[in-house]
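# Tertiary structure, described
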Amino acid sequence: MMFEPLTQRRYLVPFKASRLPQQMADVLVIGGGVAGLRSAIAAAEAGADVLILTKDTIDQSNTWYAQGGIAAVLQPADSVESHVKDTLLCGAGLCNEQAVRIVIEEGPQRVLELLSWGAHFDKKTGNAYDLSFGLEGGHSFARIIHAAGDATGKELAQTLINAVRGRESIRVSEMSFAIDLLTDQGQCVGALALIKGEVNLIWAKRTILASGGAGQLYRESTNPKIATADGQAMAYRAGTTLADMEMVQFHPTTLYVAGASRTLITEAVRGEGAYLVDRHGRRFMRDYHPSGELAPRDVVSRAIVEQIRKTNFSHVYLDVRHLPVEPFKKRFPQLAQLLAQFDIDPSRDLIPIHPATHYMIGGVDCDTVGRTSLSGLYAAGEAGCSGLHGANRLASNSLLEGLAFGARAGADAARWAMANEVKFPHHLEHQIPPSAKTELDLTDVKSSLRSVMWRNVGIERTGDRLAETREIIAFWSRYVMDKTFSPAGGAEDAVAGWELQNMLTVCFLITTAAYTRAESRGAHYRLDFPEVDDNHWRMHLLWRRPMDTPIPKPIDSNHV
Ligand SMILES: Cc1cc2nc3c(=O)[nH]c(=O)nc-3n(C[C@H](O)[C@H](O)[C@H](O)COP(=O)(O)OP(=O)(O)OC[C@H]3O[C@@H](n4cnc5c(N)ncnc54)[C@H](O)[C@@H]3O)c2cc1C
């Protein structure tokens, strides 16, 4: 009962299909990051007419802001087996090995293809592709390629955007907010989207959800504003199955300067030899893990939280003073520029850092071509959950996943769309009764929600705090999920309202999943259950509306 407003809501807006402006596409792609762009290219290459929607301009995506690089086996001394082993180890028993193998085996081809499309990755002569390779935490081999030092995402995104723009059969509609997936008789048949201030109906034979992550659900986050988990919430409302929602990855090192946004400091900085030191200048990572600064992300994040507690201080520091100055600036030009803005001289000063929410590991449950439990709907990239990352993502594996599974999803969706006719349900309509409940201040709810998620559903979790957070979310939801936001009252306000409804929905799923999993594994750490419990919990937890209890899914199952 308590969660009914979250579990019962089907569409966020009322509509009558026959009265709305309509568009058609063989393949609709929601999202213009690595997964969406790569899937659109694959779908177009297979002959489909493709429409991409992005809620902001196309350069606003997690992809654009990615820094460290792309992990790929491109050197003879490296091996698929080694990359697979590192990924499985980091995934802490929840990876789907088939998905891992596919991404790691096909990833290098996807990277070479980028080179052929004009991508400029950093070079160092003397190896097969003349590429410069970096090392990051959890990798046993230096296999991370990067661009312009720490601006890998921008180069990758720009290369893919150029490739998309060069294909006539792909239309890109920016500033177009997807509100909900349309379904009829158990099939996804497109989406409702706000385009140029009007709700539009887009009929599509196949829809690919590539809407990215959920970092904005937390107060401290490395993600840009777009990452409000719209796709996961839309999929949940449409009855699709979601998996591993408790698995949220926190990044150990974001710049900690009061009032400034939490800009990520890439793991590669530690890969190049940076130390983590506390307020007393003491290196502490060896106290927590034999790999020291290069331990997996969850270990480093928790160690920082613990060291902050022990030293009774607000943050710790990265120390790069022992690294040669000019090569450091050349390798990390964006970081050097950022530090300069705050008068931090890395050759002399310590860099204040703190962990922040970074990556949504859980998402829409999908198989190895991106198919979800809802016929007609695919998921790719951070919006999806292919099983590649298990309970913890290995650094620089997500751009690779977006490339590999994006290409697979796009090709499969187009193949189906080109071989089948679909009769779209032009009679579709949905009514929503008016709300009798009072208004809450949406900005207040949003900022309180982000704070409570950071405090109670963050790096360290306990059952009582999670239970309390569920109640808080349920309380806000009774007022916010009950409302209907309409662009007639202003497009920006409507989008803000829909985003908050999506955030509440996914916060509810993350919190409920974290409450349910009474063990610690990978990125999910319960202070009250600090051990891994393989006997009871080595399985995925699936969530499907209207149930608010999970369905267990065995490891390595591709069944969605
Ligand atoms: C600061 C930072 C650094 C990172 N560094 C690395 C790294 O070095 N290596 C690595 O592998 N990974 C890195 N990651 C993670 C990686 O960037 C992401 O996981 C990956 O880019 C996700 O790609 P995506 O295509 O799934 O989503 P995104 O790139 O986030 O794209 C999402 C798209 O969906 C659209 N969208 C969302 N909601 C809607 C809606 N309602 N309607 C319409 N469109 C919508 C957005 O407009 C956007 O176009 C980093 C992430 C961040 C934030």
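Worth saying up front: this structure is predicted, and the values here are computed from it rather than measured.

### A word on the overall build of the chain
Of regular secondary structure, the chain possesses 16 helices and 21 strands. Taking 2.2 N^0.38 as the reference for a compact globule, 560 residues should give roughly 24 Å; the C-alpha atoms of the chain span a radius of gyration of 22 Å, in line with that estimate. If one aligns the C-alpha atoms of the chain with their principal axes, the spans along those axes are about 70 × 50 × 50 Å. Taking all 560 residues of the chain together, the buried fraction comes to 63%. In the chain, the share of contacts with a sequence separation of at least 24, taken over all contacts with a separation of at least 6, comes to 74%.

### Here's the deal with the pairing of strand E12 (residues 248–255)
Of all eight residues in E12, eight are buried; the element is thus mostly enclosed. Inspection of the sheet shows E12 paired to strand E15 (residues 351–360) by six bridges, in the antiparallel sense. Note that in E15 the partner of Thr 254 across the bridge is His 354.

### Looking at the sheet that holds strand E4 (residues 70–71)
Ordered in space as E4-E6-E5, the three strands form an open sheet in which the pairing is antiparallel. Lying at the two open borders of the sheet, with one neighbouring strand each, are E4 and strand E5 (133–134).

### Thoughts on the site of the ligand
By nearness alone, 40 residues border the ligand, and Thr 63, Gly 69, Ala 178, Glu 382 and Ser 398 come closest of all. Here a nitrogen atom of the ligand sits 2.7 Å away from a polar atom, N or O, in the main chain of Gly 69. Between the ligand and Glu 382, the relevant distance is 2.7 Å, taken from an oxygen atom to a side-chain nitrogen or oxygen of the residue. Here the ligand has 1,000 Å² of accessible area as a free molecule, and 98% of this is covered by the chains. Of all the secondary structure elements, the ones that give two or more residues to the shell around the ligand are helix H2 (34–45), helix H3 (62–65), strand E8 (176–184), helix H7 (230–237), E15 and helix H12 (398–419). Split into classes, the residues belonging to the shell around the ligand amount to 14 nonpolar, 21 polar and five charged.

### What about the packing of aromatic side chains?
Using the criterion set out here, one finds nine aromatic pairs in the structure. Seen from their ring centres, Tyr 11 and Phe 15 are 5.0 Å apart, and the 80° between their planes marks the pair as edge-to-face. Taken individually, Tyr 11 and Phe 15 each receive the classification buried, so the pair is uniform in this respect. Through successive ring pairs, a cluster of aromatic residues spans Tyr 218, Phe 250 and Trp 454. Against the face of Tyr 11 rests Arg 10, its NZ or CZ located 3.8 Å from the ring centre.

### Notes on the pattern of salt bridges
Scanning the entire structure with this criterion turns up 37 salt bridges. Put simply, Glu 519 and Arg 517 hold a salt bridge, and the shortest N to O gap is 2.7 Å. As far as the burial class goes, Glu 519 and Arg 517 line up, both buried. Three or more residues joined by partner-sharing salt bridges are found here, namely Glu 246, Arg 517, Glu 519, Arg 521 and Asp 534.

### A few points about the pairing of strand E9 (residues 187–195)
Of all nine residues in E9, eight are buried, a share of seventy percent or more. Bridging between E8 and E9 involves eight bridges; their strand directions are antiparallel. Looking across to E9, one finds that Phe 177 is bridged to Leu 194. The antiparallel pairing of E8 with E9 creates a hairpin that spans two residues between the two strands, and Gln 185 there sits at a positive phi of about 50°.

### Remarks on the domain arrangement of the chain
Domain annotation of the chain identifies domain 1 (24–66 + 88–97 + 150–247 + 361–418), domain 2 (251–357) and domain 3 (433–535). Put simply, the middle of domain 1 and the middle of domain 3, counted by C-alpha atoms, are 22 Å apart. With 28 residues of domain 1 at the interface, the matching set in domain 3 holds 28 residues. Of the roughly 2,600 Å² buried where domain 1 meets domain 3, counting both sides, 67% is carbon and sulfur surface. Of all residues in domain 1, Leu 217, Tyr 218 and Glu 246 give up the largest surface area on contact with domain 3, accounting jointly for 27% of the area buried on that side. Linking domain 1 to domain 3 there are two salt bridges. Between Glu 499 and Lys 55 there is a salt bridge, and its shortest N-O distance comes to 2.8 Å. Where domain 1 packs against domain 3, one counts 11 residue pairs in polar contact (both at pLDDT 80 or more).

### Regarding helix H4 (residues 80–90)
Buried within H4 are the following residues: Ser 82, His 83, Val 84, Asp 86, Thr 87 and Cys 90. In this structure, the buried residues of H4 make contact with E4, helix H5 (97–116) and H12. Among the residues trailing H4, Ala 92 stands out with phi positive, at a value near 55°.

### Things to note about the nonpolar core
Of all hydrophobic cores here, the largest spans 64 residues; its most connected members are Leu 217, Tyr 218, Met 245, Leu 449, Leu 504 and Ile 510. Among the elements that line this core, the one with the most residues is helix H15 (residues 491–516), at 10 residues. Taken domain by domain, this core gets at least three of its residues from each of domain 1 (24–66 + 88–97 + 150–247 + 361–418) and domain 3 (433–535). Apart from the residues lying within four places of it in its own chain, the contact partners of Tyr 218 are Val 248, Phe 250, Thr 357, Arg 450, Met 453, Trp 454, Val 457, Gly 458, Arg 461 and Ile 510.

### Quick notes on the packing of H7 against H15
One way to put it is that H7 packs onto H15 with a least axis distance of 8 Å and a crossing angle of 75°. As judged from the angle between their axes, H7 and H15 are roughly perpendicular. Facing Asp 230, Gln 232, Ala 233, Tyr 236 and Arg 237 of H7, the residues of H15 in contact are Glu 499, Asn 502, Thr 505, Val 506, Phe 508 and Leu 509.

Reading the values: rules and limits
Residues numbered from 1 in each chain as written. Predicted model: local features only at pLDDT ≥ 70, side-chain atom pairs only at ≥ 80, totals over all residues. Heavy atoms only, no water. Helix = DSSP H or I, 4+ residues; strand = E, 2+ residues; numbered from the N terminus. Rg over C-alpha atoms; globule rule 2.2 N^0.38 Å. Buried < 20%, exposed > 50% of the residue type's maximum accessible area, 1.4 Å probe, protein only. Contact = heavy atoms within 4.5 Å. Pairing = 2+ DSSP bridges. Near = heavy atom within 4 Å. Polar contact = N/O pair within 3.5 Å; in protein donor to acceptor, adjacent residues only side chain to side chain. Areas by Shrake-Rupley, 256 points an atom, 1.4 Å probe, with all protein chains shown as cover. Nonpolar A, V, L, I, M, F, W, Y, C, P; charged D, E, K, R; others polar. Phe/Tyr/Trp six-rings, centres within 6.5 Å; stacked < 30°, edge-to-face > 60°. Lys NZ or Arg CZ within 6 Å of the ring centre and 35° of its normal. Salt bridge = Lys/Arg side-chain N within 4 Å of Asp/Glu carboxyl O. Domains from an automatic or database assignment. Buried area = accessible area lost by both parts, 1.4 Å probe. Core = buried A, V, L, I, M, F, W, Y, C linked by side-chain atoms within 4.5 Å. Axes fitted to C-alpha atoms, helices over the stretch in contact; angles between N-to-C directions. Parallel < 35°, antiparallel > 145°, perpendicular 65-115°, else oblique.

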